[in-house]
Amino acid sequence: MLKCTINGKEVEVKEGTSIIEAFREHSEDIAHYCWHPGLSVAGVCRLCMVEIEGNPRLQIACNTPVTDGMVVTNQSEMVKDAVKWGLDFHLINHPLDCPICDQAGECGLQDQYMKFGQYDSEMGQAKVKKKKVVDLGEKIVLDTERCILCSRCVRFTEEVSKTNELGIFNRGDHSEIGTYAGKPLNNDYAVNTVDICPVGALTSKDFRFRQRVWFLKDKPSVCTGCSTGCSVDVYYNKEGMWRVKPRHSEVNGYWMCDEGREIYKSTNVMTTDFVGERGSAKAVKKENRLTQAIHINAGDKNYKTATESLNSLKEKLDSYSKAALVVTGQYTSEEYDALLGFWKSQFGTDNVYHWANNEAQFNDFDGLLIRGDKNPNTKGLLQALEKHGITAKKDVTSLSDQDLVVVAGPENQWVYDDIHVIAKALASNKKVIWMSACHVDAAEQAGGHFHFIPTKTFAEKSGTFVNFDGREQSFEAVDLFVDQALSLTEAVALLKGESVELSETNKVISVSNEFVHERGQL
Amino acid sequence: MSVIRVQRPKMSRSWYLPGILSGMGLTFSTMIKNLFNQKKMATLNYPEEKYQYSARFKGNHVLTVKEDGDIRCTACMLCATACPADCITIVASEDEDPSVEKYPINYEIDMLRCVFCGYCEEACPVDAIRMGPEWQTPGENGDNFVYDIKHLAYRANLNDGKGVPSVVEDKDRHKLGI
Amino acid sequence: MEVKLLTEHYSDDNYRTLEGYKAKGGYEDLAKAFKMKPEDIISEVKASGLRGRGGAGFPTGVKWGFLPNNGETRYLLCNADEGEPCTFKDRMMMERAPHQLIEGMIISAFAVNSPKSYIYIRGEYVYATRVIEKALKEAYDAGLLGKNIMGSGFDHDMDVYVGAGAYICGEETGMISSLEGKKGQPKLKPPFPAVQGYLKKPTIVNNVETLAAVKYIIRDGAEAYKKHGTEKSTGTKLFSVAGDVNKPGNYEVPLGYPMIDLINNECGGMKNGKKLKAAIPGGTSAPILNAEEVERATLDYECLAEMGSMLGSGSIVIMDETRCMVDMLKVIAHFYHHESCGQCTPCREGTGWLHKLVSGVVNGTAQVSDIDLLCEVANKMKGRTICALSDAAALPVLGIVPKFRDEFQFFIEQGYSKVQGRANA
């Protein structure tokens, strides 16, 4: 351990810590753009200037290791002046189109200007104009004018994704980020570059222009995209969820894959598509979530509340002699425990099926984060099955002539390629209760007696996921988007005849705009 | 405990006769004045006659248009952010022109929620929304008061349905650096 | 008085061939060096007080001493990317005496025990490249390069690498990046190249003149070499004199030589008998000296540093009374704006800003307050970047503007140059 003094505070840090890490460890504010804890040191933004006692020149904190007895400050007038001018240099060619910039509200330049700048710019000359709206690939759009050339994205593709799509072209104030010819930025982790971009130069096509970030709140959660279980922050407001960003943890470091960023789509009640050209363009909305229980009888759809539907099922439960349960790995451990416990006491342990979508690829791994098992809690399901002494069968398509089949269906349906096959196979049974968060088009079209019960998505319930190496990760509910949705635990409680207190979504027609001032992080 | 004696008005006052008479006197004298000198009349024969408000009157909103007739708004949502009544709803989309980048495909103002404070006008960085002189807005039901983007920009009584041009044009705006 | 060590045989056309070079005693010093121990060569160079001739003036022997003893391959790089405006001393050396450089490099490589060296030549020096390549071939054919040089058991390979003409590749780490095949951008220090340089191996980067001077230190011995020059600035130095003098060109004088003598004696005085107005002593990145300072200045590291300027690469630009300083600064600012690599923000944005500000003075869009802003911006760029390009861009501004403020003010207020008048506006 090394002893040093940071802004007058005596602290101890580990050997090899850089000054900027020491500052952040001891929660001292320090301006920076190019330094990122998950990337190598570039030392190009020249903002993390500090004054070290005994050194007449200012040093950059990111590339200077702490030595024993070092006295460092970034509160001196010299440092403040250097940071102020550093910011001015960053801003002189920055277009300042904050009103249409998606990053506004969580922008490094805005934040640091408010913290360390607050001066009047002295730049009276014309700014350098560069290309706007450059398409970098399927997921990302670049605005070279807004770019401050911190090189974080370039280092990300060099060091983390190791795909090297990005580079800095030209020299001086004409430098700009770009992709090499014929090599678009389409790797599986590309959207991380948008997260680490301290300004609005890189924007994700999926989130671009959908919301202003100050209308969004964020809460921590766990990604349901695969069995890695990355820690994420989800961003939501009263209209639904809008995006998912990685949160630093031991599981995933600072990153997450692009596939995992899609998980928010299963939680939204409506999906919006833009159709038509300018002038006549329209936002077309389609219902995505199940908002009520649906019974399909000979093509007719009847709607009931979920509670009513389960209550009527409860009364008939004892009349079913042949019953089967189909479970997927997309629910929490607590739900499995409740469901399997109830099933065991009601119907025994014979007819329980584990619907695994692509079991052959379960052990695939891309070397960074993405795993082949696209269910967040397969391990938790196996643990629950073992706990209740159930040996699950695998061949779901062989299910036929059952009086009752209960399906705990997948939440992220797009990873279940065989959903059509299974839905068709199950249609031959007398009655199928399909629990699902979203509409199951395949089952709705398959014919047969399907009953759909809306369930909660990961964002609406709290619980535990067990990831691929057995790490238990609990998470809290974010918000309720569909007021009739039930968790499996609640559904089981209803079937047992217990009373369940259902929370309701906020039914106020319009609430005042909510602002979140502290958002995002560099 | 004490008793407060209240001075009751005298008979002549308690009948309110003087007040009534002086009031009627005013009414009649005004009526006679108006009968013989209609020009100085303080009231208007609404709806046949209408009052001309000053040009700065903050009435119904107008979305301004550019030279080419497109809506000026860039869908930055600062008006929606500033709006204390939360009556502005914008859906933004991507424009093919990179210099425009973002434009609203939907811009709705719920006039019945609007408090006509003018914050939207002040918040707008590109002079895209203004409070117009129009104040007469009858409607049959609530839906008539949710103005959509077409109505806000191109309603018939605005410059013959061509929309109101904004004060600053794009090329000048770029020159001015705003 | 000129002292000719490096430039002694420049006028001999044959000197650039191996035959001609050997006739004047070429490669004898290499044989002498092979008889010495490498450590002795390093201590000899240290004792001679030889300082880097590329611009920074860092003691060469000390630099060589930084190499870690970890058994890793060491590289010797010769910095022939002579990008500083108005400097042409290295080019002359490569064109007139290529073997002198090669010999100096082999001696240096032997001293630092490097098996491989590169000569990084600036892209514009096409002729110099051809001459060096030819000389290298001759040296290989004569067994002066390759395996077991002159029977000493020392193996050494030498290659030429031609840059693309970026000024920034004259900075040692920028040059290393370029040599590695990357974009020529300076690297963060620490680690210094002597510890982790080319291909992350210990690397020594020296200027052409420095490496050639090593030969003469071995030939004459450190003591004899030290006799030239002053106590702290030893030896001779090549000066490329350009501008308004009668005989511009390369001159080798001992360090500490009075600048005014160089102008009046060696260079034959001012052109057309005009008055001296100012001189830049060490390439455009060195702050300017006015006529009065030139009278006092001696050409050594200490005196010029004291005057707030620097010896730099030793390219002297002489300006007479008809030269407009605003124009001069605009040219310089444009150069640095064009050459900034764009890595560090203060330099990337600052060089452009300086250029725009000075252009504003010339175009008539500037205000008087812009003069102070110019100095302020330059001040804030100074010493805040990875390499010294930012300083190089800021120093001429900080030199010229305060010393010739009246010219700037006049230009802004009147809209034409004070010295050149309305006709040239």
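Residues numbered from 1 in each chain as written. Chains lettered and ligands numbered in written order. Predicted model: local features only at pLDDT ≥ 70, side-chain atom pairs only at ≥ 80, totals over all residues.

Undergrad: I keep staring at the interface of chain B and chain A and nothing clicks. Help me out?
TA: Interfaces are often sized by the amount of accessible area the parts lose when they come together. Of the residues lining the interface, 20 residues belong to chain B; the matching set on chain A comes to 15 residues. At the level of secondary structure, the elements contributing two or more residues to the side of chain B that touches chain A comprise helix H3 (78-82), strand S2 (88-94) and strand S3 (102-110) of chain B. Among the residues forming the side of chain B that touches chain A, the class breakdown is nine nonpolar, five polar and six charged. (Contact = placed C-beta atoms within 7 Å. Helix = DSSP H or I, 4+ residues; strand = E, 2+ residues; numbered from the N terminus. Nonpolar A, V, L, I, M, F, W, Y, C, P; charged D, E, K, R; others polar.)

Undergrad: Is there a simple way to think about the confidence of the model for chain A in this case?
TA: In low-pLDDT regions, the fine details of the predicted coordinates are not to be read closely. All names here are of chain A. The predicted model of chain A has a mean per-residue pLDDT of 90, with 96% of residues at 70 or higher. The element-level mean pLDDT for chain A is lowest in strand S14 (residues 270-275), coming to 84, with strand S23 (residues 463-466) highest at 96. A low-confidence stretch, residues 507-513 (pLDDT under 50), is modelled with six contacts involving residues beyond four sequence positions or located in other chains. Every residue in residues 517-522 is under pLDDT 50, and counting partners more than four places away or in other chains gives seven contacts. (pLDDT = per-residue confidence, 0-100.)

Undergrad: Looking at this model, I keep getting lost on the nonpolar core. Mind explaining?
TA: Side chains that are nonpolar tend, in soluble globular proteins, to be buried together. Counting residues in hydrophobic clusters, the biggest one holds 248 residues, and the most contacted among them are A:Cys48, C:Leu77, C:Leu262, C:Ala279 and C:Leu354. In terms of residue count, the dominant contributor to this core is helix H6 (residues 98-112) of chain C (nine residues). Every residue in contact with C:Ala279, bar those within four places of it in the chain, is listed here: C:Met259, C:Leu289, C:Val294, C:Ile316, C:Val317, C:Ile318 and C:Met319. Counting 58 residues, the second-largest nonpolar core is a separate cluster that includes A:Leu325, A:Tyr416, A:Ile422 and A:Ala446. (Core = buried A, V, L, I, M, F, W, Y, C linked by C-beta atoms within 7 Å. Buried ≥ 20, exposed ≤ 12 C-beta atoms within 10 Å, placed from the backbone.)

Undergrad: How do you make sense of the sheet that holds strand S7 (residues 140-142) of chain A when you look at a structure like this?
TA: Note: strands within a sheet are paired through backbone hydrogen bonds, in either parallel or antiparallel orientation. Spatial ordering of the open sheet is given by S6-S7-S10 (chain A), a layout of three strands whose pairing is antiparallel. The strands lining the two open edges of the sheet, one partner per strand, are strand S6 (134-135) and strand S10 (202-204) of chain A. (Pairing = 2+ DSSP bridges.)

Undergrad: Sorry if this is basic, but what is going on with the domain arrangement of chain C here?
TA: Residue and element names in this part refer to chain C. Domain assignment breaks chain C into domain 1 (13-227), domain 2 (236-320) and domain 3 (325-424). The distance between the C-alpha centroids of domain 1 and domain 3 comes to 36 Å. Listed per partner, the contact involves 11 residues of domain 1 and eight residues of domain 3. (Domains from an automatic or database assignment.)

Undergrad: Can you walk me through the interface of chain C and chain A in this structure?
TA: Between chain C and chain A, the contact holds 25 residues from the first and 24 residues from the second. When residues of the side of chain C that touches chain A are assigned to their parent elements, the largest contribution, 11 residues, is made by helix H15 (residues 345-363) of chain C. Classifying every residue of the side of chain C that touches chain A by side-chain character gives eight nonpolar, 12 polar and five charged.

Undergrad: How should the domain arrangement of chain A be read in this particular structure?
TA: Here chain A is described as being made up of domain 1 (2-91), domain 2 (111-286) and domain 3 (289-495). Each of domain 1 of chain A and domain 3 of chain A has a C-alpha centre, and the two are 53 Å apart.

Undergrad: Please explain helix H2 (residues 28-35) of chain C as it appears in this structure.
TA: Residues three or four positions apart in an α-helix share a direction because the helix packs 3.6 residues into each turn. All names here are of chain C. Buried within H2 are the following residues: Asp29, Leu30 and Ala33. Down the axis of H2, the smallest arc covering the buried residues is 105°, so these residues share one side. Facing away from the buried side of H2 by more than 90 degrees, the exposed set consists of Ala31 and Lys35. (Arc of directions from axis to C-beta.)

Undergrad: Explain the sheet that holds strand S16 (residues 293-297) of chain A to me, please; I cannot follow it from the model alone.
TA: All names here are of chain A. Spatial ordering of the open sheet is given by S17-S16-S22-S21-S20-S18-S19, a layout of seven strands whose pairing is mixed. Of all strands in the sheet, those bounded by a partner on one side alone are strand S17 (300-304) and strand S19 (352-354). Taken over all neighbouring pairs, the strand axes of this sheet differ in orientation by 15° on average, direction set aside. The sheet contact formed by strand S18 (residues 323-327) and S19 spans three bridges and is parallel. Residue pairing in the sheet places valine 327 in a bridge with histidine 354 of S19. (Axes fitted to C-alpha atoms, helices over the stretch in contact; angles between N-to-C directions.)

Undergrad: Would you mind showing me how to read the packing of helix H7 (residues 333-347) of chain A against helix H11 (residues 488-495) of chain A here?
TA: The geometry of a pair of packed helices is captured by two quantities: the angle between their axes and the separation between those axes. Residues and elements named next belong to chain A. One way to put it is that H7 packs onto H11 with a least axis distance of 8 Å and a crossing angle of 25°. Taken together, the axes of H7 and H11 lie roughly parallel to each other. As for the relative orientation of H7 and H11, their crossing is left-handed in sense. Contacts from Glu334, Glu335, Ala338, Leu339 and Phe342 in H7 reach Leu488, Thr489, Val492 and Leu495 in H11. For the contact of H7 with H11, a count of residues per class yields six nonpolar, one polar and two charged. (Parallel < 35°, antiparallel > 145°, perpendicular 65-115°, else oblique. Left-handed = near helix turned anticlockwise from the far one by under 90°.)

Undergrad: Can you walk me through unusual backbone geometry in this structure?
TA: Here the residue pair B:Tyr46 and B:Pro47 is connected by a cis peptide bond, since its omega of 5° sits within 30 degrees of zero. Tracing the chain through its elements places B:Pro47 in the loop between helix H2 (17-36) and strand S1 (61-65). The omega torsion of the bond from C:Pro190 to C:Pro191 falls at 0°, within 30 degrees of zero and hence cis. In this fold, C:Pro191 is placed in the loop between helix H8 (172-179) and strand S4 (203-207). One non-glycine residue with positive phi stands out, namely A:Leu149, at about 55°. Here the phi dihedral of C:Lys200 falls at roughly 60°; this positive angle occurs in a residue that is not glycine. You can see C:Lys200 is positioned in the loop between H8 and S4.

Undergrad: How do you make sense of the pairing of strand S3 (residues 49-52) of chain A when you look at a structure like this?
TA: Residues in a regular strand project their side chains so that they alternate between the two faces of the sheet. Residue and element names in this part refer to chain A. Pairing between S3 and strand S4 (residues 59-60): two bridges, direction antiparallel. Looking at S4, one finds that methionine 49 is bridged to isoleucine 60. Hairpin connection between S3 and S4: a loop of six residues separates the two successive antiparallel strands, and glycine 54 in this loop has a positive phi of roughly 95°.

Undergrad: Quick question: what am I supposed to make of the arrangement of the chains here?
TA: Inter-chain contacts occur across two pairs of chains; the most extensive set of contacts lies between chains A and C. Separated throughout, chain B and chain C approach each other most closely at a C-alpha pair spaced 15 Å apart.

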